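# Working through the structure, step by step
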Number of protein chains: 2
Amino acid sequence: MCTSISFGEREDKKSVEEKAVFAPKFDENGLIPCVAMDSVTKEPLMLAYMNEESLKMTLKLGEVVYYSRSRQEIWHKGATSGHTQKVVEIRTDCDQDAVIVYVDQQGAGACHTGRNSCFYRKVDLEAGSAPTALAFTEDLTFDPDSVYKK
Amino acid sequence: MCTSISFGEREDKKSVEEKAVFAPKFDENGLIPCVAMDSVTKEPLMLAYMNEESLKMTLKLGEVVYYSRSRQEIWHKGATSGHTQKVVEIRTDCDQDAVIVYVDQQGAGACHTGRNSCFYRKVDLEAGSAPTALAFTEDLTFDPDSVYKK
C-alpha cells in the first residue's frame, strides 16, 4: 500500500469542480476509468480501470498501474512484457470521475494483440452495412505470442 | 429508436478483436464509456457513457448522443446549449468495450463549467502535498450561466 499518498475529501459539487485538490471518485465497484494517451503523438493507447490502490501506486512509481477487472488484481502494465507506461502527465475531469494519463509508452506498443494502440479500428461511417462495419487503421507492431510468452 | 442500424454478435475473443464488425460490449448497466476528442487538436474533451440506443442515435445523427447516468435519460449533447459535437471518426478498442469519438466541437466548449474541455486540471506531480494537489491548465471560455440558462 502507498500510505504516503492521499486524496482529498469529496465535498460539494463546486469544490470538486473548482478546487486544486485531487479527490477522485471511484464507482460502486471501487474503480475509475483511465485513458492512456501517447504523450508525443497524443494518440489514445488504451482505456482501462484503476482502483484507489493502483492509482496511488501509479503516482508513487511514475509508471501506470491499473486494476484488472477480469483477473481481479493489481495490474502493473508492462511488468511482464516490458511495455511499461512512464507517466508524463495525469489529468482529471470536472467531476473527477475519470483520469487521462499521458505516457511515454515503452516497447513496441500497448495492446495485447500486438499493436501500438488498442484503438486500431474505426467505425466505417460510409459503408452503411448491417451490422455496422469497422475498418482497420493500424498494423501489427510486434508479435504478441513472443512478447507475452504465450 | 434507430432500427436501421445494427451491431454484430459478440462471438469469441479472437473474432471481437480481429473482425471488421462493430460488436460493442455494454456493461452490466447497459453502458459503454466514450471519450470525446477534438478532431483538430486531438485534445480530450470529456468522458461520458452511451447506451445502445444513444450509440445508434450517434451513428444516425452524426452528432454525439450520450446516456446521462445522473438523469437516467438520453442526452443529445448540445441540444440546449448549442454546443453539439459533430462526429468525425469513431474508434473502438480491441475488446470493443470502449469508444473514442473524434468530434468537431461546436460553440465555445464541451464542459458545463464553462471550459473547452472537462480535463482542465492536471495532477501536480511535483508538489508532493497531502492531499495530492491539482493544477489548472485551462481558463473559462464561456459563461455557463448564460449558455445553460441557469
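Residues numbered from 1 in each chain as written. Chains lettered and ligands numbered in written order. Predicted model: local features only at pLDDT ≥ 70, side-chain atom pairs only at ≥ 80, totals over all residues. Heavy atoms only, no water.

## Some details on the overall build of chain A
A tally of regular secondary structure across chain A gives 3 helices and 8 strands. Dimensions of chain A along its principal axes, counting C-alpha atoms only, are 45 × 40 × 30 Å. Expressed as a percentage of its 150 residues, the buried residues of chain A come to 53%. Carbon and sulfur atoms make up 48% of the accessible area of chain A, which amounts to about 6900 Å² in all. Averaging the positions of the 18 positive and the 24 negative side-chain charges in chain A gives two centres separated by 2 Å. (Helix = DSSP H or I, 4+ residues; strand = E, 2+ residues; numbered from the N terminus. Buried < 20%, exposed > 50% of the residue type's maximum accessible area, 1.4 Å probe, protein only. Areas by Shrake-Rupley, 256 points an atom, 1.4 Å probe, with all protein chains shown as cover. Lys, Arg positive; Asp, Glu negative; His and termini not counted. Charge placed at Lys NZ, Arg CZ, Asp CG, Glu CD.)

## Remarks on the UniProt feature "domain: Phosphoribosyl-AMP cyclohydrolase" (unreviewed entry) in chain A
The positions UniProt marks with the feature "domain: Phosphoribosyl-AMP cyclohydrolase" (unreviewed entry) are residues 46-120 of chain A. Across residues 46-120 of chain A, helical content stands at 13% and strand content at 37%; the span's end C-alpha atoms are separated by 10 Å. (UniProt positions renumbered as here; feature names shortened; annotations may be inferred.)

## Comments concerning helix H2 (residues 52-61) of chain B
Taken together, the buried positions of H2(B) are Ser54(B), Leu55(B), Lys56(B), Thr58(B) and Leu59(B). Gly62(B) sits one or two positions beyond H2(B) and adopts a positive phi of about 75°.

## So, the interface of chain B and chain A
In this assembly, 56 residues from chain B lie in contact with 56 residues from chain A. By the criterion of area lost to chain A, the three top residues of chain B are Arg91(B), Phe119(B) and Arg121(B), representing 13% of everything that side buries. Our count for the contact surface shared by chain B and chain A stands at 8 salt bridges. The partner of Glu43(B) in a salt bridge is Arg91(A), with the nearest N and O atoms 3.0 Å apart. At the boundary of chain B and chain A, one finds 36 residue pairs in polar contact (both at pLDDT 80 or more). Of all the secondary-structure elements, those providing two or more residues to the side of chain B that touches chain A are helix H1 (13-18), strand S1 (32-38), strand S2 (44-50), strand S5 (85-92), strand S6 (99-105), strand S7 (121-123) and strand S8 (134-136) of chain B. A per-element tally of the side of chain B that touches chain A places S5(B) first, with 6 residues. (Contact = heavy atoms within 4.5 Å. Buried area = accessible area lost by both parts, 1.4 Å probe. Salt bridge = Lys/Arg side-chain N within 4 Å of Asp/Glu carboxyl O. Polar contact = N/O pair within 3.5 Å; in protein donor to acceptor, adjacent residues only side chain to side chain.)

## Focus: the UniProt feature "binding site: Mg(2+)" (unreviewed entry) in chain A
Residues and elements named next belong to chain A. If you check UniProt for "binding site: Mg(2+)" (unreviewed entry), the listed places come out as Asp93, Asp95 and Asp97 in our numbering. With respect to the secondary-structure elements, aspartate 93 resides in the loop between strand S5 (85-92) and strand S6 (99-105). Note on placement: aspartate 95 falls in the loop between S5 and S6. Leaving out residues up to four positions away in the same chain, aspartate 95 has contacts with Arg10 and Val16.

## Details of the relation of the copies chain B and chain A
When chain B is fitted to chain A, the best match, at an RMSD of 0.0 Å, comes from turning it 180° and sliding it 0.0 Å along the axis. Here the copies are linked by what is in effect a two-fold axis. Among all residues of chain B, the minimum C-alpha distance to the rotation axis is found for Lys42(B), at 3.2 Å. (Least-squares fit on C-alpha atoms with pLDDT ≥ 70 in both.)

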